[in-house]
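# Per-entry structural report
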Amino acid sequence: MAKAATGKLQLHWKMLIGFIAGLSLGLVAHYASGADAGWVQWLTANITQPAGTLFLRLIFMLIIPLLFSALIMGVAEMGDVRSLGRVGWKTLGYTVIASGLAVVLGLVLVNWLQPGAGIDRAAADAMLAQGADRAQAIVGGVGTQAKGVDLLLGIVPDNVVKAAAENTILAVMFFALMLGIGLVLTRSKATEVLLQGIQGLFEVSMTLIGLVIRLAPYAVFCFMFNLAALFGWDLLRSLGAYVGVVVLALALHMLVVYSLMLKFLGGWSPLKFFRGSQEAMVMAFSTASSNATLPVALQVAEEKLRLPRKVSRFVLTVGATANQNGTALFEGVTVLFLAQFFGVDLSLQQQVTVMFVCILGGIGTAGVPAGSLPVVALICGMVGVPPEGIGLILGVDRFLDMCRTTLNVTGDLMLAAVVSKGEVEESPANPMD
């Protein structure tokens, strides 16, 4: 086992142990007693589920001040607006490229392998009935979401305090971006003091999150125990073809597309990049939340990958919401899967429409567990697929959410590594050594 210089076990190994222990004990509980056993229901409802929820709430409690201060510092440390514009355009361009490749890869695989064509109808009807209430709630919420011009206007908050209270991340990010630009353009003693205060907020947030992260191995154990004890492998078996296509597409995108972008656009060794990113990847897989993993990703970028702070803070805070390749891929595969299941023949033009909406949807999707399901329902309604069909995949969504979040977070770190190339004369990282 790899150990830190102090002789203590590193955090990612502790989380891996918690992951394996939770999964193993959960499977034993599921197949020895069954998910309906009284003690399993009591343990998950009163111990493991509340413990996992408490961990996530502690993280989410600190996300707004961390994201707010990190983005401002990232913009302010650029030094001038031209540097900000260069980094911003590179970030946007690489995000669109990576997300576009992800969706195309997913659509090609789902058209080729046809996972929605061979599902047992009796099992499918049972899963649809079981998830009907939750599916209806998700579909009903889609109608209240802003669309088109209203969606763009919603990014600009009329009250930033209200936006923070309602957890409207994009609006908070817009305000932080504008404040950072203002600090770049306004140089005075007063703004230097303000910048020092924001730096202090960032450092305090990271310190508090560092204390919370120590609980991560126990939270990972709880998450995996719940998943395994309540569902076992039954749902994965029932929707094996669909799950297999999603996981295959995610794996190919991470191992092939990310590796090629790292090698040819960033000059990085993919092996060393993935080795340095493993702590953030384990955290992302366990929590299924890009936002909850942001503190670990920031730490990994600075301490393990040794990326320039001004780039990593900007790219990672923006990427936690805007660079979600895994989410875009998942949405495209799921829409076509449901279309195949319901016998809806989507034309090439409709599939291209799905691709573009998935790319845009990946930018605005909330970085929280199951944040992409409302977007899937919205796209289904656009192309004539019954949105209520998402009830079919609700049982396996938690596992797939863990997988796509891992791709999202790894993609943020990849993007930061690629954008960092050429931004400083002597970068502290030399990935090819």
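This section reports on the structure supplied with the text. Quick caveat: nothing in here was measured; it's all calculated off a predicted structure.

Here Glu279 shows up in helix α13 (residues 270-287). Of note is the side chain of Glu279, whose polar atom sits 3.5 Å from the side chain of Lys304.

Secondary-structure assignment places Val212 in helix α9 (residues 189-213). On the basis of relative accessible area, Val212 is assigned to the buried category, the value being 9%. For Val212 and Leu56, which are 156 residues apart along the polypeptide, the C-alpha to C-alpha distance reads 9.5 Å. Once residues within four sequence positions are removed from consideration, Val212 is found in contact with Phe55, Leu58, Ile59 and Leu62.

Turning our attention to the packing of aromatic side chains. Per the counting criterion, the structure on display carries eight aromatic pairs. Between the aromatic rings of Phe221 and Phe225, the centroid separation amounts to 6.2 Å while the plane-to-plane angle is 20 degrees, which identifies the pairing as stacked. Of this pair, Phe221 and Phe225 both sit in helix α10 (residues 216-231), four residues apart, which is roughly one turn of the helix. For Phe225, a relative accessible area of 6% corresponds to the buried category. Taken together, the ring pairs connect Phe19, Phe285 and Phe399 into an aromatic cluster. The positively charged end of Arg313 is found above the aromatic ring belonging to Phe202, 4.2 Å away from the centroid.

Attention now moves to the packing of helix α8 (residues 169-185) against helix α15 (residues 309-322). Running from amino to carboxyl end, α8 crosses α15 at an angle of 155 degrees, the nearest separation of the two axes being 10 Å. Considering their axes alone, α8 and α15 lie roughly antiparallel with respect to each other. Read as a crossing pair, α8 and α15 show a hand that is left-handed. Along the contact surface, α8 presents Ile169, Leu170, Met173 and Leu177, while α15 presents Phe314, Thr317, Val318 and Thr321. When its residues are assigned to classes, the contact of α8 with α15 shows six nonpolar, two polar and no charged.

Turning next to helix α16 (residues 325-342). A rise of 1.5 Å per residue sets the reference length of α16, with its 18 residues, at 26 Å; its end C-alpha atoms lie 26 Å apart and thus fit the reference within 8%. Burial analysis of α16 places 17 of its 18 residues in the buried class, the great majority of the element. Of the residues one or two after α16, Gly343 is the one with positive phi, at around 75 degrees.

Let us look at unusual backbone geometry. With phi around 55 degrees, Ala288 is a residue other than glycine that occupies positive phi space. Here Ala288 lies in the loop between α13 and α14 (290-304). Its identity is not glycine, yet Arg306 carries a phi of approximately 55 degrees, on the positive side. Considering the arrangement of structural elements, one finds Arg306 in the loop between α14 and α15. You can call Arg306 partly exposed: its relative accessible area is 45%.

Here we come to the nonpolar core. Core analysis: the largest hydrophobic core is formed by 124 residues, its most contacted members being Phe55, Ile213, Tyr242, Phe273 and Leu413. For this core, the leading source of residues is helix α2 (residues 38-76), giving 15 residues. Once you skip the residues sitting within four places of it in the chain, Phe55 turns out to touch Val212, Ile213, Leu215, Ala216, Ala219, Phe223, Met283 and Thr287. Grouped together as the second largest cluster of nonpolar side chains are five residues, Ala29, Ala37, Val40 and Phe225 included.

Once that is clear, we can look at the environment of Met178. With respect to the secondary-structure elements, Met178 resides in helix α8. Taking the C-alpha atoms as reference, Met178 lies 8.4 Å from Ile72; in sequence the two are 106 residues apart.

This part takes up the environment of Ala377. With respect to the helices and strands, the residue Ala377 is situated in helix α18 (residues 373-382). For Ala377 and Ile390, which are 13 residues apart along the polypeptide, the C-alpha to C-alpha distance reads 7.0 Å.

Glancing now at a nonpolar patch on the surface. A cluster of nonpolar side chains, contributed by Trp112, Leu113, Leu248, Leu252, Leu255, Val256, Leu260 and Phe264, occupies part of the molecular surface with about 820 Å² of accessible area. Take the nonpolar patch: its biggest share by element is six residues, from helix α12 (residues 240-265). Note on placement: Trp112 falls in helix α3 (residues 81-113).

A few words on the pattern of salt bridges. Once their charged atoms are close, side chains differing in charge can pair, the charge on each being opposite to the other. Inspection of every chain in the model, using the stated rule, returns four salt bridges. Across the pair Arg187 and Glu192 runs a salt bridge whose closest N-O atoms are separated by 3.6 Å. We classify Arg187 as partly exposed; its relative accessible area is 46%. A salt bridge links Lys304 to Glu279, with the shortest nitrogen-to-oxygen separation between them at 3.5 Å. Here Lys304 is found in helix α14, whereas its partner Glu279 is found in helix α13, with 25 residues between them in sequence. Looking at Lys304, the relative accessible area reads 42%, which means it is partly exposed. Residue Glu279 is classed as buried on the basis of its relative accessible area of 10%.

Rules used in this analysis
Residues numbered from 1 in each chain as written. Predicted model: local features only at pLDDT ≥ 70, side-chain atom pairs only at ≥ 80, totals over all residues. Heavy atoms only, no water. Helix = DSSP H or I, 4+ residues; strand = E, 2+ residues; numbered from the N terminus. Polar contact = N/O pair within 3.5 Å; in protein donor to acceptor, adjacent residues only side chain to side chain. Buried < 20%, exposed > 50% of the residue type's maximum accessible area, 1.4 Å probe, protein only. Contact = heavy atoms within 4.5 Å. Phe/Tyr/Trp six-rings, centres within 6.5 Å; stacked < 30°, edge-to-face > 60°. Lys NZ or Arg CZ within 6 Å of the ring centre and 35° of its normal. Axes fitted to C-alpha atoms, helices over the stretch in contact; angles between N-to-C directions. Parallel < 35°, antiparallel > 145°, perpendicular 65-115°, else oblique. Left-handed = near helix turned anticlockwise from the far one by under 90°. Nonpolar A, V, L, I, M, F, W, Y, C, P; charged D, E, K, R; others polar. Expected span 1.5 Å × (residues − 1). Core = buried A, V, L, I, M, F, W, Y, C linked by side-chain atoms within 4.5 Å. Patch = residues over 30% accessible without salt bridge, like charges linked within 9 Å, V, L, I, M, F, W, Y side chains within 5 Å. Areas by Shrake-Rupley, 256 points an atom, 1.4 Å probe, with all protein chains shown as cover. Salt bridge = Lys/Arg side-chain N within 4 Å of Asp/Glu carboxyl O.

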